[in-house]
Amino acid sequence: MLAENVKEVQKNIEDACKRAGRKPEEVELIAVSKTKPVDQLLEVYDTGIRAFGENYVQELTEKIEVLPKDIRWHMIGHLQRNKVKYIVGKVALIHSVDSLRLAEEISKEAVKKNTCADILLEVNVAQEENKFGLTLENTMEEVEKIAVLPNIHIKGLMTSTPFVENPEENRKYFRQLRQLSVDINEKNIDNVCMDILSMGMTNDYIVAVEEGATMVRVGTAIFGARNYNK
Ligand SMILES: *Cc1c(COP(=O)(O)O)cnc(C)c1O
């Protein structure tokens, strides 16, 4: 059953790429597995998916321990500085870097572990009060400060858009994030590339792909609704 869900999402991504004149290989599907049991992750793994996204550090590290080693783990949830040490060196990409202080902590930990941490900067494009993230206005400034930190690479930008009835309402936010990444790229800042645009979730990933997403983070459409009360 989960295999069918994966296929359908992949088909939707392909179709959106066609409409936008893009190649499907440009878009990586990240299966967002927070709250889901490992047997369901394995079911999705068996379809060929190797990128999984998690929000909570403890759940993430527990799953890393027991699941196949060729999985690329993506930390997509809000990250507290005191938890950084548990994930640096273990995850492929941290999507949710929303402050210089957090980036400094990641850098420090990466130096300590003699590794390099790839990160995205989270931008609260829609300026939602209850969400974390940099603003469209201050991101450039933060990029310049974070780029000089050792053992850290800025690979692009991430946003979480509002939950809306009609995903078309979020198209403008995807465009704004893409434009910001173009603006940052044009500055040719050392140690900064803007190859990754992580945007689009179950409700709006199709629109996000049309607007240039290179990573989509899809949970519900693959695993079904989440139950947080268990
Ligand atoms: C939970 C979550 C997702 C996946 O959301 P769905 O609507 O279930 O696809 C994507 N990104 C972030 C940051 C999330 O927290």
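Residues numbered from 1 in each chain as written. Predicted model: local features only at pLDDT ≥ 70, side-chain atom pairs only at ≥ 80, totals over all residues. Heavy atoms only, no water.

Undergrad: Help me understand the nonpolar core, please; the structure alone is not making it clear to me.
TA: Nonpolar side chains in soluble globular proteins generally cluster together in the buried interior. Counting residues in hydrophobic clusters, the biggest one holds 66 residues, and the most contacted among them are F52 and I106. The leading source of residues in this core is helix α1 (residues 2-20), at six residues. Setting aside residues no more than four positions away along its own chain, I106 makes contact with L79, V84, V88, I94, V97, A117, I119 and I152. A51, L120, M158 and I196 belong to the second largest nonpolar core, which has seven residues in total. (Core = buried A, V, L, I, M, F, W, Y, C linked by side-chain atoms within 4.5 Å. Buried < 20%, exposed > 50% of the residue type's maximum accessible area, 1.4 Å probe, protein only. Helix = DSSP H or I, 4+ residues; strand = E, 2+ residues; numbered from the N terminus. Contact = heavy atoms within 4.5 Å.)

Undergrad: Honestly, the pairing of strand β8 (residues 215-218) in this entry has me stumped. Any pointers?
TA: Consecutive side chains of a regular strand alternate in pointing toward one face of the sheet and then the other. Burial along β8 is two-sided: M215 and R217 facing one way and V216 and V218 facing the other are all buried. As defined by bridge partners, strand β1 (residues 28-32) adjoins β8 across four bridges and the pair is classed as parallel. Within β8, the position partnered with L29 by the bridge is V216. (Pairing = 2+ DSSP bridges.)

Undergrad: Sorry if this is basic, but what is going on with the environment of N151 here?
TA: Its place among the elements puts N151 in the loop between α6 (139-147) and β6 (152-158). On the accessibility criterion, N151 (27% relative accessible area) is partly exposed. A sequence separation of 39 residues divides N151 from K112, and the C-alpha atoms of the two residues are 9.6 Å apart. For N151, the residues in contact, after removing those within four places along its chain, are S107, A110, V111, T115, C116 and A117. At 2.9 Å, the side chain of N151 forms a polar contact with the backbone oxygen of T115. (Polar contact = N/O pair within 3.5 Å; in protein donor to acceptor, adjacent residues only side chain to side chain.)

Undergrad: Would you mind showing me how to read the site of the ligand here?
TA: In the vicinity of the ligand there are 13 residues, among which K34, N55, T202, T220 and R226 approach most closely. T202 is positioned such that a nitrogen or oxygen atom in its side chain is 2.5 Å from an oxygen atom of the ligand. Take R226: an N or O atom from its side chain is 2.8 Å from an oxygen atom of the ligand. Class assignment of the residues belonging to the shell around the ligand gives a composition of five nonpolar, five polar and three charged. (Near = heavy atom within 4 Å. Nonpolar A, V, L, I, M, F, W, Y, C, P; charged D, E, K, R; others polar.)

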